[in-house]
Amino acid sequence: MRTAKICLAGAAAAAMVGFLATPAAAAPTDTTDTTFEVLAGTLDIVAPATADLGDGAPGGTITGQLGTVTVDDSRGAADASWVASVTSTVFQTGGGSPPETVLPSEIDYWSGPATATTGDGTFTPGQLTAGDAAPLDSVTPLTAFTHTGGTGGNTASWNPTLVVNVPLDSIAGVYTGTVTHSVA
């Protein structure tokens, strides 16, 4: 009996050593196919609601900045190019007779350089300096800023300057008109 206990104890010890010495089996694995979606956003432009360019005399010029204009492109496009353009209505005071009117062609626009950009691609002002200023029009859009190339999202901001060439026959008054920026 004593021999049987020793043999049984020996067998148990050997089994325990074998158990401890056996390498652990690898845990089973599994994979998960995972997806997500990048949504196509919009192409938007935001300009100040109002601007006061200042004052000046007939035959002179009135120069002032419009305020920050920003294009926000969240379309997520493979080609994130866009063109921002600008037009203007006639500016009028009083009854809008010819001496109470300043035509868009008498107002020069220059975008100046970008004040901020994000994203890749090339950002190009329509009129980099005051010497590049061009007259506005009520029908034909003037290029204000462009973005070429790049992918995904981007933004550009600039603070355009308007130069009103006040006609010599203009009468005194507050002239009101609308400058419209658009992007496509």
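Residues numbered from 1 in each chain as written. Predicted model: local features only at pLDDT ≥ 70, side-chain atom pairs only at ≥ 80, totals over all residues. Heavy atoms only, no water.

A.B. asks: Hey, could you run me through the nonpolar core in this one?
C.D. replies: Soluble globular proteins tend to pack their nonpolar side chains together in the buried interior. In terms of nonpolar packing, the biggest core is built from 25 residues, with Trp82, Tyr109 and Trp158 touching the most fellow members. Going through the elements one at a time, β3 (69-77), β4 (82-88), β7 (107-110), β11 (142-148), β12 (152-158) and β13 (161-165) are the ones with two or more residues in this core. Not counting chain neighbours up to four residues away, the residues in contact with tyrosine 109 comprise Val86, Gln127, Ala133, Ala134, Leu136, Leu142, Ala144, Trp158, Pro160, Thr161, Leu162 and His181. (Core = buried A, V, L, I, M, F, W, Y, C linked by side-chain atoms within 4.5 Å. Buried < 20%, exposed > 50% of the residue type's maximum accessible area, 1.4 Å probe, protein only. Helix = DSSP H or I, 4+ residues; strand = E, 2+ residues; numbered from the N terminus. Contact = heavy atoms within 4.5 Å.)

A.B. asks: Help me out: how do you make sense of the side chain of threonine 87 in this one?
C.D. replies: In this fold, threonine 87 is placed in strand β4. Filtering out sequence-adjacent residues up to four positions away, threonine 87 remains in contact with Asp137, Ser138, Val139, Thr140, Pro141, Thr178, Val179 and Thr180.

A.B. asks: What is the right way to look at the environment of leucine 128 in this model?
C.D. replies: For leucine 128, the location among the structural elements is in the loop between β9 (122-125) and β10 (134-135). Residues leucine 128 and glycine 112 lie 16 residues apart in sequence; the distance between their C-alpha atoms is 4.4 Å. If we skip the residues at most four places from it in the chain, leucine 128 touches Trp110, Gly112 and Pro113.

A.B. asks: Is there a simple way to explain the sheet that holds β13 in this structure?
C.D. replies: Two strands in a sheet stick together by hydrogen bonds in their backbones, pointing the same way (parallel) or opposite ways (antiparallel). Taken in spatial order, the 4 strands line up as β2-β13-β7-β10 in an open sheet, and their pairing is antiparallel. The two strands at the open ends of the sheet, each matched to only one other strand, are β2 (61-65) and β10. Strand direction decides the pairing type here: β2 and β13, joined by 5 bridges, are antiparallel. Looking at the pairing, isoleucine 62 lines up with valine 164 of β13. (Pairing = 2+ DSSP bridges.)

A.B. asks: Is there a simple way to explain the pattern of salt bridges in this structure?
C.D. replies: Proximity of charged atoms lets side chains of opposite charge pair with each other. In this structure the tally under the stated criterion is 1 salt bridge. For aspartate 73, the salt bridge identified is with arginine 75, shortest N-O distance 2.7 Å. With a relative accessible area of 25%, arginine 75 lands in the partly exposed category. (Salt bridge = Lys/Arg side-chain N within 4 Å of Asp/Glu carboxyl O.)

A.B. asks: Is there a simple way to explain the pairing of β11 in this structure?
C.D. replies: Regular strands show a simple pattern: their side chains alternate between the two faces of the sheet. Of all the 7 residues making up β11, 5 are buried; the element is thus mostly covered by neighbouring parts of the structure. Note: β4 against β11, 5 bridges, orientation antiparallel. Each residue of the ladder has a partner; that of tryptophan 82, found in β11, is histidine 147. When β9 meets β11, the two strands line up antiparallel, connected through 4 bridges. Following the sheet pairing, phenylalanine 123 is matched in β11 by histidine 147.

A.B. asks: What should I look at first to understand the side chain of glutamine 127 in this one?
C.D. replies: Relative to the helices and strands, glutamine 127 resides in the loop between β9 and β10. Taking relative accessible area as the criterion, glutamine 127 reaches 3% and is therefore assigned buried. From its side chain, glutamine 127 meets the backbone oxygen of threonine 143 in a polar contact 2.7 Å long. Residues within four places of glutamine 127 in sequence aside, it is in contact with Tyr109, Trp110, Ser111, Gly112, Asp132, Ala133, Ala134, Leu142, Thr143 and Ala144. (Polar contact = N/O pair within 3.5 Å; in protein donor to acceptor, adjacent residues only side chain to side chain.)

A.B. asks: Help me understand the sheet that holds β4 in this model?
C.D. replies: Ordered in space as β9-β11-β4-β14, the 4 strands form an open sheet in which the pairing is antiparallel. Whereas interior strands pair on both sides, the edge strands pair on one side only; in this sheet they are β9 and β14 (179-183). Along the sheet, successive strands turn relative to each other by an average axial angle of 15 degrees, direction set aside. (Axes fitted to C-alpha atoms, helices over the stretch in contact; angles between N-to-C directions.)

A.B. asks: Sorry if this is basic, but what is going on with the pairing of β13 here?
C.D. replies: Most of β13 is tucked away, with 4 of its 5 residues classed as buried. With 4 bridges connecting them, β7 and β13 associate as antiparallel partners. The partner of aspartate 108 across the bridge, within β13, is valine 163.

A.B. asks: I'm lost on the environment of valine 163 in this one. Help?
C.D. replies: Mapping valine 163 onto the fold places it in strand β13. A relative accessible area of 16% means that valine 163 is categorised as buried. For valine 163 and isoleucine 62, which are 101 residues apart along the polypeptide, the C-alpha to C-alpha distance reads 5.7 Å. Those residues in contact with valine 163 that lie beyond four places of it in its chain are Thr61, Ile62, Thr63, Glu106, Ile107, Asp108 and Trp110.

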